[in-house]
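Chains, contacts and geometry: an overview
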Amino acid sequence: MENQEKRYKRRVRYSGTYPKSYKEKYKELQPEKYADTIQKVIRKGSTPAGMHLSICVKEILNFLQIQPGQRGLDATLGYGGHTQRMLECLNGRGHLYALDVDPIESEKTTRRLRGLGFGEDILTVRLLNFAGIDQVAAEAGGFNFVLADLGVSSMQIDNPDRGFSYKTEGPLDLRMNPRKGFSAAQRLKDIDREELAGMLTENADEPYAKEIAREVIAWQKRGKKIETTTQLKEVIETALRFIPAAERKEAVKKSCQRTFQALRIDVNNEFEVLYEFLEKLPDALAPGGRAAILTFHSGEDRLVKKSLRRFHKEGVYSQTASDAIRPSAEECAQNSRARSAKMRWAVRA
């Protein structure tokens, strides 16, 4: 009887006419089975769910000038798209170190890269925030090339369980490492109106920071919870009711994007971590070593530009980018998430 139950065990079903969960819904989550679907999604200018399309790959590789036998660092592993291309440039000689603070995606990417033939002899992956670049440099020696892609991976954005997007229901988490620190929901419980308005302004240039902060605190005083992505979206919609109806939908969309960005930066201490990385970067580079940094919003870009210019003025860098390099119009058409990207670079003296 026991064997019979195992043999005829029913497959998992979802309720309703259409798939409801993230794992059930997207064919793109099975790239080996639905390659044609993935290509259709990309051709439409979208990013397949569960994947990440690397940005400015050509521009980054052109600048880094990677040669076989060199030592390099991908400070933000993510989906591993940049990592794979840099490994291909090494042509089996040299070594690439890769860092990521996200234990969930780091494990998946490492497994994928190992499956492509990049073993421990050429690739070392560490579960470490890129502010720890000095620890890895001490072990590896000076790096000939370093890349830091500061964007959030599409896998994180697209997975409702991570709470990075207001578009789907999920826990309001927003942590890069969900096993450490406090979630965005917890952060909102402990913040006052003035501090929240300041966070929204500083981290995301939110024009309605005061109105949103006021509504968040009002909800909490009424005993209403803000623990999910859609609950926070509802708070923002309520806060912006004064905007004319014809303009409100677009205003809510943009304010949601900025509010989630501001909270993500806060709970992950992103500006503090970036500052620490930039301070340690020169000492991690070998003489003549090249560093490329990809940013996605003005706050990051200001920090990077200021740091590179200061070290250039002090003679630490022999060259730095006079202007940011932007993705091509063709790339932006194929991948809408590339539109806000800026690449800056520096060469160690």
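Nothing here was measured: the structure is a model prediction, and the numbers come from that model.

On a regular strand, each side chain points to the face opposite its neighbour's, so the side chains alternate between the two faces of the sheet. Looking at chain direction, strand β2 (residues 95-100) and strand β3 (residues 123-127) are connected through five bridges and run parallel. In the sheet register, Leu99 faces β3, and the bridge partner there is Arg126. Each parallel crossover has a hand, and the one from β2 via helix α6 (residues 103-115) to β3 is right-handed.

Before going further, it helps to spend a moment on the sheet that holds strand β4 (residues 143-149). Strand order in this open sheet of seven strands is β3-β2-β1-β4-β5-β7-β6, and the pairing throughout is mixed. Of all the strands in the sheet, just β3 and β6 (317-320) have a single pairing partner and so form its edges. Put simply, the sheet's adjacent strands are angled 15° from each other on average, direction ignored.

Glancing now at the layout of surface pockets. Here the second largest pocket is characterised by a volume of approximately 750 Å³. What lines the second largest pocket is a set of 37 residues, and nearest its centre among them are Asp100, Val101, Asn129, Phe130 and Met176. Counting only elements with at least two residues in the lining of the second largest pocket, the list comes to α5 (81-90), β2 and α14 (270-284). By residue number, the principal contributor to the lining of the second largest pocket is α14, which donates three residues. The residue makeup of the lining of the second largest pocket, split by class, is 15 nonpolar, 15 polar and seven charged.

What follows covers the packing of helix α10 (residues 193-204) against helix α11 (residues 209-221). In a packed pair of helices, the relevant descriptors are the angle between the two axes and the axis-to-axis distance. Following both chains from N to C, one finds α10 and α11 inclined at 140°, their axes separated by 8 Å at the closest point. Comparing the axis directions of α10 and α11 gives the class oblique. Crossing handedness for the pair α10 and α11: right-handed. Where α10 approaches α11, its residues Arg193, Leu196, Ala197, Leu200 and Thr201 are matched on the opposing element by Ala209, Lys210, Ile212, Ala213, Arg214, Val216 and Ile217. Residue composition of the contact of α10 with α11, by class: eight nonpolar, one polar and three charged.

Here the idea is simple: oppositely charged side chains can pair when their charged atoms come close. What the rule picks out here adds up to 19 salt bridges. Through salt bridges with shared partners, a single ionic network connects Asp134, Glu276 and Lys280.

What follows is about helix α15 (residues 298-313). Here α15 spans 22 Å end to end across 16 residues, near enough to the 22 Å set by a 1.5 Å rise per residue. If you check which residues of α15 are buried, you get Gly299, Glu300, Asp301, Val304, Ser307, Leu308 and Phe311. As for α15, its buried residues are in contact with α14, β5 (285-295), β6 and β7 (342-348). At the C-terminal side of α15, Gly315 shows a positive phi close to 85°.

In terms of nonpolar packing, the biggest core is built from 35 residues, with Leu172, Leu174, Leu188, Leu196, Val216, Ile226 and Leu232 touching the most fellow members. Looking at this core, the elements with two or more residues in it are α9 (184-189), α10, α11, α12 (229-239) and α13 (245-267). Per-element accounting of this core gives the leading share, seven residues, to α13. Once residues within four sequence positions are removed from consideration, Leu172 is found in contact with Ser183, Ala184, Ala185, Leu188, Ile226, Glu227, Thr228, Thr229, Leu232 and Phe260. Of all hydrophobic cores here, the second largest spans 31 residues; its members include Phe145, Leu147, Ala292 and Met343.

This part covers the packing of α14 against α15. The geometry of α14 relative to α15 is characterised by a closest axis approach of 10 Å and an angle of 20° between their N-to-C directions. In terms of their interaxial angle, α14 and α15 are classed as roughly parallel. Like other packed secondary-structure pairs, α14 and α15 cross with a definite hand, here right-handed. Facing α14, whose interface residues are Glu270, Phe271, Leu274, Leu278, Glu279 and Pro282, α15 presents Gly299, Glu300, Leu303, Val304, Ser307, Arg310 and Phe311.

Calculation notes
Residues numbered from 1 in each chain as written. Predicted model: local features only at pLDDT ≥ 70, side-chain atom pairs only at ≥ 80, totals over all residues. Heavy atoms only, no water. Pairing = 2+ DSSP bridges. Helix = DSSP H or I, 4+ residues; strand = E, 2+ residues; numbered from the N terminus. Right-handed = clockwise from strand over helix to strand, strands pointing away. Axes fitted to C-alpha atoms, helices over the stretch in contact; angles between N-to-C directions. 1 Å grid on protein atoms, 1.4 Å probe; cavity = no way out; pocket = protein on both sides within 12 Å on 5 of 7 lines; lining within 4 Å. Points joined across faces, edges and corners; volume = space filled by probe spheres on them. Nonpolar A, V, L, I, M, F, W, Y, C, P; charged D, E, K, R; others polar. Parallel < 35°, antiparallel > 145°, perpendicular 65-115°, else oblique. Left-handed = near helix turned anticlockwise from the far one by under 90°. Contact = heavy atoms within 4.5 Å. Salt bridge = Lys/Arg side-chain N within 4 Å of Asp/Glu carboxyl O. Expected span 1.5 Å × (residues − 1). Buried < 20%, exposed > 50% of the residue type's maximum accessible area, 1.4 Å probe, protein only. Core = buried A, V, L, I, M, F, W, Y, C linked by side-chain atoms within 4.5 Å.

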